[in-house]
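# Commentary on secondary and tertiary structure
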Amino acid sequence: MKQMKNNAMLLLAAFIWGCAFVAQSVGMDYVGPFTFNSVRSIIGGIVLVPVIFFMDGLKKRSGMSNEEITSLRGDTKTLALGGVCCGAVLAAASTLQQFGIMFTTVGKAGFITAMYIVLVPLFRIFFGKKVRPLILLCVAVSVAGLYFLCMTESFSLGIGDLFVLLCAFVFSIHILVIDRFSPLVDGVRMSCIQFLTAGVLCAVPMLIFERPEPGAILTAWMPILYAGVMSCGVAYTFQVLGQKNADPTVASLLLSLESVFSVLAGWVLLGQGLKGKELFGCMLMFAAIILAQMPEKK
């Protein structure tokens, strides 16, 4: 029963993130990409503040002492450094994604972004880690899927698809940075710092290039709030709670359904359907995503 509850929370997180692509697309009708990312990230950071107290309360009810809770937070300098580093990379990745969504469909953006699941193991080569042959196969399959999903008749990659592909590469770096710091500090606190950092960093080009009016931000309140509260706050909390004592393979598979939900959300809410060739590309990429998460056979 507990495992089913954890899986349900992970599935809800994937659903919220998939629908967030729609919110990001709709938000571009009212504000610029820097404005959208800045406001949503700051909201996401603020929303996580009560989550921090909630998680601390759960730890106390489980019988942990104040000293044990404090020790789990990690060194303050490491926590701040990890949050700022993650926030800087997140700002770059989310900005590329927002620019990409302006020129491509929600479904395409969801599947191309999910390529980070395949890219992360490949990036570990630069850190001296060995890569399984299966990962190389997944890279080949995902590239083939990318071809069917994005390549036009003139054999060129659309500007929006290119932005989102670059976003997937940067998100891969983001995951590696999180992997470096998350074992050392409290994950929710680091995430709160990273969202606030990303919001501040996106605010600089927002003020220089976009100079948004408060009225425009208020007009886009629904997609911004969804992206900030639901995608950053609620979904992240579901992920943290759902992954606790969950099978890592099952958890990653459920979370990767974000890409499928993005296609369904784009089709139902925005009427953005995909052609047969593009759906075949999605199938290939999703197969690569699933294969990349399969545990190594001992």
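None of these values were measured; they are calculated from a predicted model.

## Remarks on the layout of surface pockets
Here the second largest pocket defines a volume of roughly 150 Å³. Lining the second largest pocket, in full, are Phe-111, Val-260, Val-263, Leu-264, Trp-267, Gln-272, Gly-273, Leu-274, Leu-279 and Cys-282. Those elements that provide at least two residues to the lining of the second largest pocket are helix H13 (258–270) and helix H14 (276–292). The leading source of residues in the lining of the second largest pocket is H13, at 4 residues. Considered class by class, the residues forming the lining of the second largest pocket number 8 nonpolar, 2 polar and no charged.

## Regarding helix H9 (residues 187–210)
With 24 residues, H9 should reach 34 Å at 1.5 Å per residue; the first-to-last C-alpha distance of 33 Å fits that figure. The N-terminus of H9 is capped by Asp-186, whose side-chain oxygen sits 3.5 Å from the backbone nitrogen of Val-188. Immediately beyond the C-terminal end of H9, within one or two residues, lies Arg-211, with a positive phi of roughly 45°.

## Observations concerning the pattern of salt bridges
Enumeration according to the criterion identifies 6 salt bridges in this entry. Of the charged contacts, one joins Asp-56 and Arg-189 as a salt bridge, the two residues approaching to 2.8 Å between their closest N and O atoms. Of the two residues, Asp-56 is situated in helix H2 (residues 33–61) and Arg-189 in helix H9; the sequence distance between them amounts to 133 residues. The residues Asp-56 and Arg-189 share a single accessibility class, namely buried. Two residues, Glu-278 and Lys-108, come together in a salt bridge whose shortest N-O distance is 3.3 Å.

## Re the environment of Gly-145
In this structure, Gly-145 sits in helix H7 (residues 133–150). Using a relative accessible area of 0% as the deciding quantity, one classes Gly-145 as buried. C-alpha of Gly-145 to C-alpha of Pro-295: the two residues are 150 residues apart in sequence and 22 Å apart in space. Setting aside residues up to four positions removed in sequence, Gly-145 forms contacts with Gly-281, Leu-284 and Met-285.

## Details of empty space enclosed by the protein
The final tally for this structure, using the stated rule, is 1 cavity of 30 Å³ or more. Taken as a whole, the largest cavity spans an internal volume of roughly 50 Å³. If you trace the largest cavity, you find it lined by Gly-110, Thr-113, Ala-114, Tyr-116, Ile-117, Leu-255, Ser-256, Glu-258 and Ser-259. Of all the elements in the fold, those that place two or more residues in the lining of the largest cavity are helix H5 (106–113), helix H6 (116–123), helix H12 (248–256) and H13. Looking at side-chain class alone, the lining of the largest cavity contains 4 nonpolar, 4 polar and 1 charged residues.

## Some points on the packing of aromatic side chains
In this structure the tally under the stated criterion is 9 aromatic pairs. A ring pair is formed by Phe-123 and Phe-169, whose centres lie 5.9 Å apart and whose planes are at 35°; its orientation type is tilted. Here the residue Phe-123 occupies a position in helix H6, and Phe-169 occupies one in helix H8 (residues 159–181), the gap between them amounting to 46 residues. Among the aromatic residues, those joined into a cluster by ring pairs are Phe-34, Phe-99, Phe-163 and Phe-209. The aromatic ring of Phe-181 is capped on one face by Arg-180, whose charged end is 5.3 Å from the ring centroid.

## A word on the packing of helix H4 (residues 76–101) against H9
Two elements in contact, H4 and H9, have axes separated by 7 Å at closest approach and are oriented at 50°. By the criterion of interaxial angle, the relationship of H4 to H9 is oblique. You can see that H4 and H9 cross each other, and the crossing is right-handed. Facing Leu-79, Ala-80, Gly-82, Gly-83, Val-84, Cys-86, Gly-87, Ala-88, Leu-90, Ala-91 and Thr-95 of H4, the residues of H9 in contact are Arg-189, Met-190, Ile-193, Gln-194, Phe-195, Thr-197, Ala-198, Leu-201 and Cys-202. Classifying every residue of the contact of H4 with H9 by side-chain character gives 13 nonpolar, 6 polar and 1 charged.

## Things to note about the side chain of Thr-35
Mapped onto the fold, Thr-35 is located in helix H2. Of the residues examined, Thr-35 reaches a relative accessible area of 0% and is grouped as buried. Separated by 2.5 Å, the side chains of Thr-35 and Glu-210 make a polar contact. Not counting the four nearest positions on each side in its chain, Thr-35 is found in contact with Met-206, Glu-210, Pro-212 and Ile-217.

## Quick look at unusual backbone geometry
Residue Arg-211 is not a glycine yet carries a positive backbone phi of 45°. Note that Arg-211 resides in the loop between H9 and helix H10 (214–219).

## Comments concerning the packing of H7 against H14
Interhelical geometry of H7 versus H14 gives an angle of 165° and a closest axis separation of 7 Å. With respect to H14, the axis of H7 lies roughly antiparallel. For the pair H7 and H14, the crossing hand works out as left-handed. On H14, the residues touching Leu-134, Ile-135, Cys-138, Val-141, Ser-142, Ala-144, Gly-145, Leu-146, Tyr-147, Phe-148 and Leu-149 of H7 are Lys-277, Glu-278, Phe-280, Gly-281, Cys-282, Leu-284, Met-285, Ala-288, Leu-291 and Ala-292. By residue class, the composition of the contact of H7 with H14 is 16 nonpolar, 3 polar and 2 charged.

About the criteria used
- Residues numbered from 1 in each chain as written.
- Predicted model: local features only at pLDDT ≥ 70, side-chain atom pairs only at ≥ 80, totals over all residues.
- Heavy atoms only, no water.
- 1 Å grid on protein atoms, 1.4 Å probe; cavity = no way out; pocket = protein on both sides within 12 Å on 5 of 7 lines; lining within 4 Å.
- Points joined across faces, edges and corners; volume = space filled by probe spheres on them.
- Helix = DSSP H or I, 4+ residues; strand = E, 2+ residues; numbered from the N terminus.
- Nonpolar A, V, L, I, M, F, W, Y, C, P; charged D, E, K, R; others polar.
- Expected span 1.5 Å × (residues − 1).
- Polar contact = N/O pair within 3.5 Å; in protein donor to acceptor, adjacent residues only side chain to side chain.
- Salt bridge = Lys/Arg side-chain N within 4 Å of Asp/Glu carboxyl O.
- Buried < 20%, exposed > 50% of the residue type's maximum accessible area, 1.4 Å probe, protein only.
- Contact = heavy atoms within 4.5 Å.
- Phe/Tyr/Trp six-rings, centres within 6.5 Å; stacked < 30°, edge-to-face > 60°.
- Lys NZ or Arg CZ within 6 Å of the ring centre and 35° of its normal.
- Axes fitted to C-alpha atoms, helices over the stretch in contact; angles between N-to-C directions.
- Parallel < 35°, antiparallel > 145°, perpendicular 65-115°, else oblique.
- Left-handed = near helix turned anticlockwise from the far one by under 90°.

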